[in-house]
Amino acid sequence: MPHPVRTITPQIARRLAIARQRLAGPETPATPGGILDLIRDLNCVQIDPINAVARTQYLVLWSRLGRYNTEDFHHLLWEDRSLFEYWAHAASIVPTEDYPIHADMMRRYGTSESEWGQRARKWIAENQGLYHHILTEIEQNGPLPSQAFTDSTEVGWHSTGWTSGRNVNQMLDYLWSQGKIMVSGRKGLQRLWDLSERHLPEWTPREELEREVVVYRAVQRSLRALGVGTAMHIKRHYIRNRYHNLPVVMKKLEADGCIQRVKVVDSGTMWPGTWYIHTDDLPLLDNLEAGDWQPRTTLLSPFDNLICDRDRTELMFDFLFRIEIYVPKAKRQYGYYVLPILHGDQIIGRIDPKMDRKTGRLNIQAVYAEPDAPGNKTTARSVSKAIQNLAGFLGADDITYTGDIPSGWKTALG
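Caption draft 1: Local environment of the overall build of the chain. Each helix and strand counted, the chain has 16 helices and 15 strands in total. The C-alpha atoms of the chain give a radius of gyration of 23 Å, which matches the 22 Å a tight globule of 414 residues would have. Reported as C-alpha extents along the three principal axes, the dimensions of the chain are approximately 65 × 65 × 40 Å. Per-residue burial over the chain gives 53% buried out of 414 residues. Of all intrachain contacts in the chain linking residues separated by at least 6 positions in sequence, the fraction that spans at least 24 positions is 64%. Working note: accessible area of the chain is about 19100 Å², and carbon and sulfur atoms make up 49% of it. Computed over 50 positive and 49 negative side-chain charges, the inter-centroid distance for the chain is 4 Å.

The structure is reproduced here in structure tokens:
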């Protein structure tokens, strides 16, 4: 018998999302075990090379852990190998225990009959020399950086994007996506490639799951990380756009009692779509509705899991956010690498920071408040403390404010 559909408020929906993202509630210990547990809950942490403040993978953990030892993170990734780099909703760090979920993409990569799939297979067939050269060099001499390989392509890779002409890197990415090689370390931004069979720990689960089982598991991980969401939110999260036969799988999950529907109603108006919660999170929902809410104020990476779906972010938080990295400077509205300010269950503004590593100074080039952001001293002090905590994590000796600051926050931030 189906459960009656529970009605929740937008505030509770936001709090569910924030709590499941470990951005509220009891603090996670900044230990190796705490880092691993955190990434298990998030399912994936996006990788990005931009270092205007800190690379996003470090910022996402900092937003939840506060100051932590990045070497503990590196140890989990490169020595303990309980984490590895692969595709999730973007290039990401994922738990090794979830290898069977990601192995589904590895087996299928490049096999589709899409225009891209056919083109990629043709290019690989035309360049078997480079394909085998890379695998042989890694087997005999790995781990190796991309510069170690000779470009022996017969036919170059052409595209309208940045990958055009990058033949060795294109082949490495193809082999990585197929699961034949893995990133086994890094020197700065330079990836070191090794054979997957050599890099993965012996305990890695290797069962080959049916595609429906992969989606059955991935839907649950995605929904739990979201707290509450629609099928479209699930599709865009975790293993983005790889949820084969999603409506059928969700019906089965609902029939199996793993997920159930909720309504999100805002002043009598129901939010669009069919919303779901994982039944394991019903106790959390009960606690939140009973007033058990432990909010924090922190700053978010522009690639943070909470806000990586821009449409969902706009609906849930009434916060329009776009990354302006590729926007010409004169046309940017807020800045190059802007960090949203999460304050309790609201996103109340954003800062435009830049870390000057030569001088050890964190420059705050502007602070913006949303129109309905609280302008009181308590909020201002919370924002100031979050910026100070970021500076401490970055190792900054000083913070300077060089641009506009909202009038109600000037005393605390100026």
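Caption draft 2: Just the pattern of salt bridges, in detail. Enumeration according to the criterion identifies 24 salt bridges in this entry. The partner of Asp 41 in a salt bridge is Arg 22, with the nearest N and O atoms 2.8 Å apart. Remark: Arg 22 occurs in the loop between α1 (10-20) and α2 (32-42) and Asp 41 occurs in helix α2; sequence separation between them is 19 residues. Its salt-bridge partner being Glu 97, residue Arg 40 comes within 3.0 Å of it at the nearest N-O pair. One end of the pair, Arg 40, is in helix α2; the other, Glu 97, is in the loop between β4 (91-95) and α5 (99-108), and 57 residues separate them in sequence. Each of Arg 20, Arg 22, Asp 41, Arg 224 and Asp 281 takes part in a single network of salt bridges with overlapping partners.

Caption draft 3: Inspection of the packing of helix α3 (residues 56-65) against helix α15 (residues 377-394) at higher detail. Two numbers describe how α3 lies on α15: the axes approach to 11 Å, and their chain directions differ by 130°. Here α3 is positioned oblique relative to α15, judged by the angle of their axes. In this structure, α3 meets α15 at a crossing whose hand is right-handed. Facing α3, whose interface residues are Tyr 58, Leu 59 and Trp 62, α15 presents Ala 386, Asn 389, Leu 390 and Phe 393.

Caption draft 4: View of empty space enclosed by the protein. Taken as a whole and judged by the stated rule, the model has three cavities of 30 Å³ or more. The computed volume of the largest cavity comes to approximately 60 Å³. For the largest cavity, the full set of lining residues is Ala 17, Gln 21, Ala 225, Leu 226, His 237, Asn 305, Leu 306, Arg 312, Met 316 and Phe 317. Among the elements that make up the lining of the largest cavity, the one with the highest residue count is helix α14 (residues 310-317) (three residues).

Caption draft 5: Region of interest: unusual backbone geometry. Residues Gly 142 and Pro 143 are joined by a peptide bond in cis, for which omega reads 0°. Residue position: Pro 143 is located in the loop between α7 (128-141) and α8 (167-177). Look at Tyr 238: it is not a glycine, yet its phi comes out positive at around 60°. Along the chain, Tyr 238 turns up in the loop between α11 (231-236) and α12 (246-255).

Caption draft 6: How the structure looks around the pairing of strand β15 (residues 398-401). Across four bridges, the pairing between strand β14 (residues 361-369) and β15 is parallel. Within β15, the residue paired with Ile 364 across the bridge is Tyr 401. Once the chain exits β14 it traverses α15 before rejoining the sheet at β15, and the crossover so formed is right-handed.

Caption draft 7: Highlighting the layout of surface pockets. Taken as a whole, the largest pocket encloses approximately 1100 Å³ of empty space. Along the walls of the largest pocket sit 38 residues, with Ala 91, Asp 173, Trp 176, Arg 186 and Arg 191 positioned nearest its centre. Secondary-structure elements contributing two or more residues to the lining of the largest pocket are α3, α4 (70-79), β3 (83-87), β4, α8, β5 (181-187) and β6 (190-195). Here the lining of the largest pocket gets seven residues from one element, more than from any other, and that element is α8.

Caption draft 8: Here's a closer look at the sheet that holds strand β2 (residues 45-46). Reading across from one edge, β2-β4-β3 is the order of the three strands in this open sheet, with antiparallel pairing throughout. Edge strands, defined here as strands with exactly one partner in the open sheet, are β2 and β3. Lying over the sheet, α8 contacts β3 and β4, oriented at roughly 110° with respect to β3.

Caption draft 9: Focus on helix α10 (residues 211-226). Relative to the 22 Å expected for 16 residues at 1.5 Å per residue, α10 spans 22 Å between its end C-alpha atoms, a close match to the ideal helical length. Among the residues of α10, those classed as buried are Val 214, Val 215, Tyr 216, Ala 218, Val 219, Gln 220, Ser 222, Leu 223, Ala 225 and Leu 226. Gly 227 occupies a position one or two residues after α10 and carries a positive phi of about 85°.

Caption draft 10: Just the packing of aromatic side chains, in detail. This model, assessed by the stated rule, comprises 13 aromatic pairs. Taking 5.2 Å as the distance between ring centres and 25° as the angle between the ring planes, the aromatic pair formed by Tyr 68 and Phe 393 counts as stacked. Here the residue Tyr 68 occupies a position in the loop between α3 and α4, and Phe 393 occupies one in helix α15, the gap between them amounting to 325 residues. Judged by relative accessible area, which is 9%, Tyr 68 ranks as buried. Its relative accessible area of 15% is what places Phe 393 among the buried residues.

About the thresholds
- Residues numbered from 1 in each chain as written.
- Predicted model: local features only at pLDDT ≥ 70, side-chain atom pairs only at ≥ 80, totals over all residues.
- Heavy atoms only, no water.
- Helix = DSSP H or I, 4+ residues; strand = E, 2+ residues; numbered from the N terminus.
- Rg over C-alpha atoms; globule rule 2.2 N^0.38 Å.
- Buried < 20%, exposed > 50% of the residue type's maximum accessible area, 1.4 Å probe, protein only.
- Contact = heavy atoms within 4.5 Å.
- Areas by Shrake-Rupley, 256 points an atom, 1.4 Å probe, with all protein chains shown as cover.
- Lys, Arg positive; Asp, Glu negative; His and termini not counted.
- Charge placed at Lys NZ, Arg CZ, Asp CG, Glu CD.
- Salt bridge = Lys/Arg side-chain N within 4 Å of Asp/Glu carboxyl O.
- Axes fitted to C-alpha atoms, helices over the stretch in contact; angles between N-to-C directions.
- Parallel < 35°, antiparallel > 145°, perpendicular 65-115°, else oblique.
- Left-handed = near helix turned anticlockwise from the far one by under 90°.
- 1 Å grid on protein atoms, 1.4 Å probe; cavity = no way out; pocket = protein on both sides within 12 Å on 5 of 7 lines; lining within 4 Å.
- Points joined across faces, edges and corners; volume = space filled by probe spheres on them.
- Pairing = 2+ DSSP bridges.
- Right-handed = clockwise from strand over helix to strand, strands pointing away.
- Expected span 1.5 Å × (residues − 1).
- Phe/Tyr/Trp six-rings, centres within 6.5 Å; stacked < 30°, edge-to-face > 60°.

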